[in-house]
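Structure at a glance
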Amino acid sequence: MDTSLARLGRGTSPQQDTFADNLLVGLAKAPKEIACKYFYDETGSRLFDDICALPEYYQTRTETMLLTRHAREIAALMGEQVEILEYGAGSLRKVRILLDALEAPRAYTPVDISGDYLAQVVRDLAADYPALGLRPVIGDFTETLDIPALPDHPRRAGFFPGSTIGNFRPDAALALLRRMRAGLNGGGLLIGVDLVKDPARLHAAYNDAAGVTALFNKNLLVRANRELGMDFDPAAFAHYAPYNAGAQRVEMYLVSLKRQRVRLRGREFEFAQGEPVHTEDSHKYTIESFREMACRAGFNPRAVWTDEDRLFSVHWLESR
Ligand SMILES: C[S@@+](CC[C@H](N)C(=O)[O-])C[C@H]1O[C@@H](n2cnc3c(N)ncnc32)[C@H](O)[C@@H]1O
C-alpha cells in the first residue's frame, strides 16, 4: 500500500518560514502571542499524546468511551463505503474505533500539520488495516485544502475529535466549520466538543501535577530555538493556564519570569518581568451553544452523545 504523504496548501513551503513569520508578528504585538498550531512538531505531538494519558485530562478518556459506546450507531449514520476525512488527526488512535465499526470503509484521509509524526503513525495504521485506502495529507486545515475526490466519489464523512474546535475563537470556529462543510461534498461531520463545567476540573486538566502540559507549552520555545536559532531560556518562563469563566475558555500563557530579550532574524524582542505570551485558548461550549453554531455553519445537528457527568460531547452534524 502506498502511504506517501501529500502536502497541500501553504504547508508546501518550509514550516520554518511560517513559524518565523508568526513569531515576528506575534512577539511584536501587545499582548504578545504565538499561534497554537506551532505546538505540534514531532516532540509536541508526542507530548500531546502524553497529556491524553494524564489522570486529570478527562477529555480523551471520555471521548474515546463515547465513540466506543456509540460506534455502531455512528457507523450506520456514516454509511457504507465512506471516505473519512480527519482534521488534526494526531495519533490516529480514535479513528480505529470507527474503522472497526464501519461497513467496508473506502478510504481514510488524515490531515495534520505535524508531518514527521503523521508519517510515523500512518505506517502503524497501514500495517493494521492493509485493505484500507490511506491518503495522508500534511497541511493546515484552516486553509482551503482542495483534497482531490476519489475516482468513484464515495460519500465523505468528516471527523474532528479532541475538541480542537475549542482552540478557535467563536467567529473563527464558525468560519472553520463552514470551510469544512464545503470540503465534505454533502457529507456529515462527527465532532468532539468539550463542555462547560466546574472550573476546578478544567483548571486541573490544563495544570496537571506531573507538569506535562507545562512542557508542551514550553516546547514552543524549545522548537523556536532548534528550528530558528532563537535564544529563549525556557526555564525563565512559567506555564500559566487559568479558566476565564466569563469567556468560557481556558487560556494558556508563557509568563516571563524576568526582564529578558530574545532575537529573531536581526530583530530583538523585549519581555518585561511578569509579561504573558498568549499561546492557546480552549473554548468550552454547552450542547445547545455548539448546536446553534453548527446550524449557523450550514449543518443540521442530528445525534449528540454525552457521558453521565456531561464532561464531553460528540456531535453528528449533517450538511444542509
Ligand atoms: C488537540 S490535538 C488532537 C489530536 C487528535 N485529533 C485527538 O483527538 O486526540 C490537535 C491536532 O491537530 C493538529 N493541528 C493543530 N492545528 C492544525 C492545523 N491548523 N492544521 C492541521 N493540523 C493541525 C495537531 O498537530 C494535533 O495533531
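Quick caveat, the model's predicted, so the values are computed rather than measured.

**A look at the environment of Gln 120**
Mapping Gln 120 onto the fold places it in helix 6 (residues 115-128). Dropping the residues within four chain positions of it, Gln 120 is found in contact with Glu 42 and Arg 46. At 2.8 Å, the side chain of Gln 120 and the side chain of Glu 42 are in polar contact.

**Some points on the site of the ligand**
Every one of the 18 residues lining the ligand counts as a neighbour, but Gly 88, Lys 94, Asp 112, Asp 140 and Phe 141 are closest to it. Measuring from an oxygen atom of the ligand, one finds a backbone N or O atom of Gly 90 at 3.4 Å. The separation between an oxygen atom of the ligand and a polar main-chain atom of Gly 162 is 3.4 Å. Isolated, the ligand exposes 580 Å² of accessible area, and the fraction of that covered by the protein chains is 94%. Taken together, the residues of the shell around the ligand sort by class into 6 nonpolar, 7 polar and 5 charged.

**Observations regarding the pattern of salt bridges**
Counted under the stated rule, the structure contains 25 salt bridges. Residues Glu 275 and Lys 32 are paired through a salt bridge, measuring 2.8 Å at the closest nitrogen-oxygen approach. With Glu 275 in the loop between strand 13 (267-271) and strand 14 (276-283) and Lys 32 in strand 2 (residues 32-33), this residue pair connects regions lying 243 residues apart in the sequence. In this structure, Arg 296 engages Glu 292 in a salt bridge whose closest nitrogen and oxygen atoms are separated by 3.4 Å. With Arg 296 and Glu 292 both in helix 10 (residues 287-296) and 4 residues apart, the pair spans about one turn of that helix. Judged by relative accessible area, Arg 296 falls into the partly exposed class, the value being 47%. Because the salt bridges share partners, they merge into one network encompassing Asp 231, Arg 259, Arg 261, Arg 263, Glu 268 and Glu 270.

**Some thoughts on the side chain of Lys 32**
Judged by its relative accessible area of 7%, Lys 32 falls in the buried class. Among the polar contacts made by the side chain of Lys 32, one reaches the main-chain carbonyl oxygen of Glu 270 at a distance of 2.8 Å. In this view, Lys 32 contacts Gly 26, Leu 27, Glu 270, Phe 271, Glu 275, Pro 276, Val 277 and His 278; residues no more than four positions away in its chain are not counted.

**Comments concerning the environment of Glu 56**
Assignment of secondary structure puts Glu 56 in the loop between helix 2 (42-52) and helix 3 (58-69). The spacing of Glu 56 and Asn 225 is 169 residues in sequence and 30 Å in space, taken between C-alpha atoms. Filtering out sequence-adjacent residues up to four positions away, Glu 56 remains in contact with Ala 204, Ala 205, Asp 208 and Ala 209.

**A look at helix 7 (residues 170-183)**
An α-helix turns once every 3.6 residues. As a result, residues three or four positions apart point the same way. Spanning 14 residues, helix 7 covers 20 Å between terminal C-alpha atoms, matching the ideal 20 Å at 1.5 Å per step. Considered for burial, the residues of helix 7 that qualify are Ala 173, Leu 174, Leu 176, Leu 177 and Met 180. Buried positions in helix 7, seen along its axis, are confined to an arc of 165° and lie on one side of it. Facing away from the buried surface of helix 7 by more than 90 degrees, the exposed residues are Asp 171 and Ala 182. At its buried positions, helix 7 is contacted by strand 3 (83-87), strand 7 (156-160), strand 8 (189-194), helix 10 and strand 15 (299-306).

**Regarding the packing of helix 2 against helix 6**
Taken N-terminus to C-terminus, the directions of helix 2 and helix 6 make an angle of 60°; their axes are 7 Å apart at the nearest point. Considering the angle they form, helix 2 stands oblique to helix 6. Where helix 2 approaches helix 6, its residues Glu 42, Ser 45, Arg 46 and Asp 49 are matched on the opposing element by Asp 116, Tyr 117 and Gln 120. Residue composition of the contact of helix 2 with helix 6, grouped by class: 1 nonpolar, 2 polar and 4 charged.

**A word on the packing of aromatic side chains**
What the rule picks out here adds up to 16 aromatic pairs. Each ring, one from Phe 141 and one from Phe 160, has its centre 5.4 Å from the other, and the planes form 75°; the classification is edge-to-face. Taken together, the positions of Phe 141 in the loop between strand 6 (137-138) and strand 7 and Phe 160 in strand 7 put the pair 19 residues apart, joining distant regions of the chain. Like Phe 160, Phe 141 is buried. Ring centres of Phe 141 and Phe 168 lie 6.2 Å apart, and the angle between their planes is 50°; on these two criteria the pair is classed as tilted.

Procedures and definitions
Residues numbered from 1 in each chain as written. Predicted model: local features only at pLDDT ≥ 70, side-chain atom pairs only at ≥ 80, totals over all residues. Heavy atoms only, no water. Helix = DSSP H or I, 4+ residues; strand = E, 2+ residues; numbered from the N terminus. Contact = heavy atoms within 4.5 Å. Polar contact = N/O pair within 3.5 Å; in protein donor to acceptor, adjacent residues only side chain to side chain. Near = heavy atom within 4 Å. Areas by Shrake-Rupley, 256 points an atom, 1.4 Å probe, with all protein chains shown as cover. Nonpolar A, V, L, I, M, F, W, Y, C, P; charged D, E, K, R; others polar. Salt bridge = Lys/Arg side-chain N within 4 Å of Asp/Glu carboxyl O. Buried < 20%, exposed > 50% of the residue type's maximum accessible area, 1.4 Å probe, protein only. Expected span 1.5 Å × (residues − 1). Arc of directions from axis to C-beta. Axes fitted to C-alpha atoms, helices over the stretch in contact; angles between N-to-C directions. Parallel < 35°, antiparallel > 145°, perpendicular 65-115°, else oblique. Phe/Tyr/Trp six-rings, centres within 6.5 Å; stacked < 30°, edge-to-face > 60°.

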